[in-house]
Amino acid sequence: GSGTHRHAAGGFADPRARRPSVAMSGRASVTQLALPTGIKKLTNIAVVRLKKAGVRFEIACYKNTVVAWRDGFEKDLDNVLQTTKVYNNVSKGVFAKEEDLLKAFGTKDEEKVSLLILTDGELQVSEKERKNVFDTIFRDAVTVLVEKCVNPSTNRPYPPGMIERALREIHFSVDPMRSAKQQALAAIPKLRAVFPIKRAAMRFKFVVGNEWFDKTIQWIESGAVLDAVVERTTKNTNDSESEIVCVADPSAYRLCDAFARDETGKTGRLEVVTVAVTEGGVSSGAFESSSGVSGGVLVAKSDKGDETNEALGPFSDAIREVARDVRVLDLDAAAGGGDADGRRASRVSSRIASGGAPRSERGVDVEAGAGVEVLYARGKIKDLPESYASRRDRFAPLDDIQDGWTVELRRKNGSSVVDAVFFDPDGVGYKAFADARREALKSKKR
């Protein structure tokens, strides 16, 4: 008897089956056994509930899998359901009765019922799951803004870190019931109060009959299309169709599509060539104030680009890069860098001597170095293989500006990033498409 009593008091028996302990006097003891404090019940379970025919049904699922199943990302039901058993109460372990299943669902097959509850039931989302959803939408919104927005003065996209900081500064709140794209585009007006930003223009191609060619150009240039600029026209005398390529604000898509369909004799069509027209590189100085080179000789202000260009002439781009470097060097000097002045003078002189282009974007090695894989050997842009068709279309304007440009695609070993290196007719290399295009335009003017 005493052994049995010690066994129960030690907590080895099932707590639900234990009986009140009895003292030696024969009276019931008021001492109650509690579960160990280290036990946490239902820590890896997401409960999906569905009330039907007056009865509540529940199924036990793995966390972070129900939403993936409903969105179509998860296909294996075994990765979603912990068990196909249907409960009235998961936390208490009460199973649903067969007669209740027949009455509510018309079947006793618990696997079919579980699938119905999983599809139509109400998900009890935990705090961590909710935070995960909010973080995912926030990151997607940042990605949308990086891909679809640019700095108006440079036409370059902002880096993700800057966009993320700006969204937090305007107290951007995530709505789980709206798409990330909708919320990101709705935040642009608020972001303009923090730094200059706008939607990147889209590149459209009108394909119209020759008889509608002049009318279409006049309509685009009349101002009816927001921020529209005609880039290239091709009037085919031997064909019944001609092409007009232009860039315009994305909000003009529906207007342009309606014109192409309805105002060109029902024969025209509109094609989207580029979703976001941007320059190479990123804009990183939007939050920074004006800056300059000490000594009062060279001055570059980020918020007055036009005045800077007029004052500095052909070296304006170089001076702007130097000014950014000087800010970094000034911070080094403030932290105790004694040779900051010498480094500043060296960097200024080397930047000016390089002909106005950043050293990191000019004078690329003709041959790929060790540890670099050549995916497309140096050749014409139009000969890029179909696997790089998007790059071929994006680089094609370079051939239209100046003949003789070539491109080479490289990738560092162990990396998935493919870099394009451009070579002008003289064999000078450029790492960025924007720099290559700028050099081609300069050569064309000469």
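Rules used in this analysis
- Residues numbered from 1 in each chain as written.
- Predicted model: local features only at pLDDT ≥ 70, side-chain atom pairs only at ≥ 80, totals over all residues.
- Heavy atoms only, no water.
- Pairing = 2+ DSSP bridges.
- Helix = DSSP H or I, 4+ residues; strand = E, 2+ residues; numbered from the N terminus.
- Axes fitted to C-alpha atoms, helices over the stretch in contact; angles between N-to-C directions.
- Contact = heavy atoms within 4.5 Å.
- 1 Å grid on protein atoms, 1.4 Å probe; cavity = no way out; pocket = protein on both sides within 12 Å on 5 of 7 lines; lining within 4 Å.
- Points joined across faces, edges and corners; volume = space filled by probe spheres on them.
- Nonpolar A, V, L, I, M, F, W, Y, C, P; charged D, E, K, R; others polar.
- Expected span 1.5 Å × (residues − 1).
- Buried < 20%, exposed > 50% of the residue type's maximum accessible area, 1.4 Å probe, protein only.
- Phe/Tyr/Trp six-rings, centres within 6.5 Å; stacked < 30°, edge-to-face > 60°.
- Lys NZ or Arg CZ within 6 Å of the ring centre and 35° of its normal.

Asker: Break down the sheet that holds strand β8 (residues 202–209) for me, citing the residues and quoting the values.
Answerer: Hydrogen bonding along the main chain pairs the strands of a sheet, whether they run parallel or antiparallel. In space, the four strands of this open sheet follow the order β9-β10-β8-β11, with antiparallel pairing throughout. Since the sheet does not close on itself, it has two edges, and those belong to β9 (229–234) and β11 (269–274), each with one partner. The average angle at which neighbouring strand axes cross in this sheet is 25 degrees, direction not considered. Against the sheet, helix α9 (residues 213–221) makes contact with β8, β9 and β10 (241–248), and its axis sits at roughly 5 degrees relative to β10, the strand it touches most.

Asker: Could you give me a rundown of the layout of surface pockets, with the residues and numbers involved?
Answerer: Looking at the second largest pocket, its volume works out to about 580 Å³. Val-67, Asp-71, Glu-129, Val-133 and Ile-137 are the residues nearest the centre of the second largest pocket, which is lined by 24 residues in total. Those elements that provide at least two residues to the lining of the second largest pocket are α2 (66–70) and α5 (127–148). In terms of residues, the lining of the second largest pocket owes the most to one element, α5, which gives seven residues. Per-class residue counts for the lining of the second largest pocket are 14 nonpolar, five polar and five charged.

Asker: Kindly report on helix α15 (residues 433–445), identifying the contributing residues and their values.
Answerer: With 13 residues, α15 extends 18 Å between its outermost C-alpha atoms, agreeing within 8% with the 18 Å of an ideal straight helix rising 1.5 Å per residue. Those residues of α15 that sit buried are Phe-433, Ala-434, Asp-435, Ala-436, Glu-439 and Ala-440. Contacts from the buried residues of α15 go to α14 (389–401), β16 (419–423) and β17 (429–430).

Asker: Kindly report on the packing of aromatic side chains, identifying the contributing residues and their values.
Answerer: This model, assessed by the stated rule, comprises eleven aromatic pairs. Their ring planes at 5 degrees and their centres at 4.1 Å tell us that Trp-219 and Phe-259 sit as a pair that is stacked. Within this pair, whereas Trp-219 is found in helix α9, its partner Phe-259 is found in helix α10 (residues 253–262), the two being separated by 40 residues in sequence. Here Phe-259 falls in the buried class, since its relative accessible area comes to 7%. Above the plane of the ring of Phe-95 lies Lys-85, whose end atom (NZ or CZ) is 4.8 Å from the centre. One Lys or Arg, Arg-378, reaches over the ring of Phe-423 and ends 4.2 Å from the middle of that ring.

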